[in-house]
Amino acid sequence: MPRPDYVAAIDQGTTSSRCIVFDQAGHIVSVAQREHRQIFPRPGWVEHDAAEIWQAVQGVLADALGGLDGQIAALGITNQRETTVLWDRATGQPVCPAIVWQDTRTAPLTHALAEHEQLFKEKAGLPLTTYFSGPKIRWLLDEHPGLRERAERGEVLFGTMDSWLLWNLTGRHITDVTNASRTMLMNIHTLAWDEELLAALDVPRAMLPEIRPSAEIYGRTRGGFPVASALGDQQAALFGQTCFAPGETKSTYGSGSFLLMNTGHEPVVSKHGLLTTVGYQIGDTPATYALEGAIAVTGSLVQWLRDNLGLISSAAEIETLAKTVDDNGGCYFVPAFSGLFAPHWRSDARGVIAGLTGFVTKGHIARAVLEATAWQTREVVDAMNADSGLDLTTLRADGGMTANNLLMQTLADVLAVPVIRPMVSETTALGAAYAAGLATGYWPDIDSLRANWHKAAEWRPAIDETAREQEYRNWKKAVARTLDWVEQ
Amino acid sequence: MGETIQSVERAAAILRLLASGPRQLGVAELARALGLPKGTLHGILRTLVRVGFVEQDPATGKYRLGATLLHLGSSYLDVNELRTRAINWADALAGRSRESAWIGTLHEGHVLVIHHVFRPDDSMQTLQVGTYLPTHASALGKVLLAYDPYGETLVPLQPHTKNTIADPGLLETELELVRTRGWAAEMEELTEGEVAIAAPIKDSRGIVVGAIGIRGAVERLAPEGVLHMEFVSYVRDAARAITRDLAR
Ligand SMILES: Nc1ncnc2c1ncn2[C@@H]1O[C@H](COP(=O)(O)OP(=O)(O)OP(=O)(O)O)[C@@H](O)[C@H]1O
Ligand SMILES: [Mg+2]
């Protein structure tokens, strides 16, 4: 019998904050969720209000833990990555809107930093793009008068969402190593802030949090239970899918989609447009690294169809709409809303719907939207196969979009490998819970976590190679049409 | 023509006005258009907001048609939406019971399987989403029939095993039992050696929009032919959790 107590995780995501309580077998006991505002002040800009997010997190904590008082063994945190929060050390209030990872306002800045491109690649493991926190911090310090001086005096603090929540929950200014690996300020070999990187981005050391492992007891909440893990959402999903051995890979389908492969204790440098990132670090054990294929827009394209076009009234209805037709009717949708991420890294790209004719209906567009997720996955899988010299044999998929059966079948068709959904599709929260449970002895070791992983569903490829290759060619033609749109 | 109720007529006029244009309307605008005092309008608007037919924009204080009204004609919940909302609880049900979990809805006299979670033993299993089950010979089907106001069964009732309920009278008695207990069992009525349990999923108005259940070997779920009640609680807990979520 499982013990009568539980582990909770906060999943502070791009569109919503969730708190999920798990039992020892990794089953969900309770869930609470709150959305927060997406603020779009101008094209290409995306902001969040960190104070609103902290409110939402407190709300979901109370909702999910209600009635479980005294039964929570540990709390873990996982979060949207790279989103940049600056706050006042004295008042604890944000000093400006948080700049979200999807925001592209730093494009001119990244061009100005081009001379350091090689440095960022070697030391931070990252391409020089608008995606990461470093340029966002720099932009805020440049644009807000007086902020840089206050940051230098340590009066204004920087943090990604993990830091912001840990600050509010425990009073400490710390971050975990996986989140730090997304700032362009941390040396991925030494796992410490790097003077050369700080100098290149002109970010003062005094505003940065202390880097800690992903799992250890950071402090206690006011409720008295230990806060014992923090991981970026994609690293948490890797952990939740129990990808503990080198070569093990998962792909998570949320607002964006992220394919991560565990590469063991050595950082591997990609030759095909993938990122080198820290996967996790449990207590004082050596860090585990990962190669990552980051796709900016997948589920958020479904959201866009709902909110901006009004073609559907809920995300799930995209499947119903897509099933009103048998194929894409010749139309392809490349959602380069924030430029193209992996494996292209083209910030000059913008979205395109290609192949339109009078024949195309909203059903075809719905198909094209789902296929866009599948083809973007195909591109990063090809890059991953090329980098690792291994061929992916099955895709372990998780996240909100895996509820979409048509998408899962399309993925299997496009990748020509079986697609597997694990028993818990909320692997992001599960991973944070696992790490917090390990740090507090709730779970004895990673083998006990592996035993919790089960296959919940499997989709097998059902189209032939000729059709697959023809569609891939069309997709690539559509991608080519997104490039060189923004004039630099 | 008999008496009519004035405030209902006024409420209808407000709804027609709000539906007539793209803009939200303030109390003053409504009062002017309808030639009524603001005080009278306030009472009617408050009532319409309470039942969800009208919404007040928190920022401007103006009124527009409410979501409840817009969905009045469509009693049906998109099956893909149901799966998306239920997926966490179906996973937990399969995990706890260690059996496969299923969600079904009624479709032209059959149960359409809209979600299927494998039995968590990592054995070879095939996804059954999109397949049909007979309503009278499955636990999911019995739940859906028991709560369906139109009560559509395909007659004659096809026997699948020697246990299948093939007599309409007996089926009606069985459905009555389902309604009193709030769950259904199917004891080797579809396939020899397999039993199933199911419970209703309701939407925010209390209407049954689907059924969730588990299916597995008789030796595990009902040794000596008697259902283990702990499996029934797992199924009912999952159904309640989804119902609670749909009410939000
Ligand atoms: N049935 C569905 N079909 C297609 N897309 C879906 C479906 N259900 C959810 N989605 C999409 O999946 C996303 C939500 O999934 P999930 O909650 O895993 O996202 P997330 O990225 O974790 O969210 P966040 O960005 O807040 O972290 C939304 O973008 C939504 O549009
Ligand atoms: Mg997420």
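Residues numbered from 1 in each chain as written. Chains lettered and ligands numbered in written order. Predicted model: local features only at pLDDT ≥ 70, side-chain atom pairs only at ≥ 80, totals over all residues. Heavy atoms only, no water.

- Per an unreviewed UniProt entry, chain B is named Glycerol operon regulatory protein, and its organism is Nonomuraea turkmeniaca.
- You can read under Function (unreviewed entry) in the UniProt record for chain B the words "May be an activator protein for the gylABX operon." (UniProt positions renumbered as here; feature names shortened; annotations may be inferred.)

- Under an unreviewed UniProt entry, chain A has the name Glycerol kinase and belongs to Nonomuraea turkmeniaca.
- Recorded under Sequence similarities (unreviewed entry), the UniProt text for chain A is reproduced unchanged: "Belongs to the FGGY kinase family."
- Under the Pathway (unreviewed entry) heading, UniProt states for chain A: "Polyol metabolism; glycerol degradation via glycerol kinase pathway; sn-glycerol 3-phosphate from glycerol: step 1/1."

## A short note on the sheet that holds strand 18 (residues 288-295) of chain A
All names here are of chain A.
Part 1: One open sheet accounts for 7 strands, arranged 17-18-16-15-21-22-23; its pairing is mixed. Sheet topology places strand 17 (275-280) and strand 23 (455-459) at the edges, where each strand pairs with a single neighbour. Strand after strand, the sheet turns through a mean of 30° between neighbouring axes, direction not considered.
Part 2: One ladder, built from 5 bridges, connects strand 15 (residues 249-253) with strand 16 (residues 257-264); its direction is antiparallel. Opposite T249, over in strand 16, you have M261 as the bridge partner. (Pairing = 2+ DSSP bridges. Helix = DSSP H or I, 4+ residues; strand = E, 2+ residues; numbered from the N terminus. Axes fitted to C-alpha atoms, helices over the stretch in contact; angles between N-to-C directions.)

## Notes on the pairing of strand 8 (residues 208-217) of chain B
Residues and elements named next belong to chain B.
Part 1: The buried fraction of strand 8 amounts to 10 of the 10 residues, a majority that puts the element mostly inside the structure.
Part 2: With 5 bridges joining them, strand 3 (residues 100-107) and strand 8 adopt antiparallel strand pairing. Each bridged residue has a counterpart across the sheet, and for S100 the counterpart in strand 8 is R215.
Part 3: For strand 7 (residues 194-202) and strand 8, the ladder comprises 9 bridges, and the chain directions are antiparallel. Bridging across to strand 8, I197 finds its partner in I214.
Part 4: Counted along the chain from strand 7 to the antiparallel partner strand 8, the turn is 5 residues long, and its residue G206 has a positive phi close to 85°. (Buried < 20%, exposed > 50% of the residue type's maximum accessible area, 1.4 Å probe, protein only.)

## Brief notes about the interface of chain A and chain B
Part 1: Contact residues are listed per partner, giving 29 residues for chain A and 27 residues for chain B.
Part 2: In this structure, the salt-bridge partner of R83 of chain B is E319 of chain A, at a minimum N-O distance of 3.1 Å.
Part 3: Summed over the shared surface of chain A and chain B, the result is 13 residue pairs in polar contact (both at pLDDT 80 or more).
Part 4: Among the elements that line the side of chain A that touches chain B, the one with the most residues is strand 23 of chain A, at 5 residues.
Part 5: Tallied by class, the residues present in the side of chain A that touches chain B amount to 12 nonpolar, 9 polar and 8 charged. (Contact = heavy atoms within 4.5 Å. Salt bridge = Lys/Arg side-chain N within 4 Å of Asp/Glu carboxyl O. Polar contact = N/O pair within 3.5 Å; in protein donor to acceptor, adjacent residues only side chain to side chain. Nonpolar A, V, L, I, M, F, W, Y, C, P; charged D, E, K, R; others polar.)

## Let's talk about the UniProt feature "binding site: glycerol" (unreviewed entry) in chain A
All names here are of chain A.
Part 1: Mapped onto the present numbering, the UniProt feature "binding site: glycerol" (unreviewed entry) falls on R81, E82, Y131, D233 and Q234.
Part 2: Following the sequence through the fold, R81 ends up in the loop between strand 5 (72-79) and strand 6 (85-88).
Part 3: A distance of 3.2 Å separates the side chain of R81 from the side chain of Y131, its partner in a polar contact.
Part 4: For Y131, the position within the fold is in the loop between helix 3 (117-124) and helix 4 (133-143).
Part 5: Assessed through its relative accessible area of 0%, Y131 is described here as buried.
Part 6: In this view, Y131 contacts R81, E82, W101, K136, R182, F258, L275, E292, A294, F341 and W345; residues no more than four positions away in its chain are not counted.

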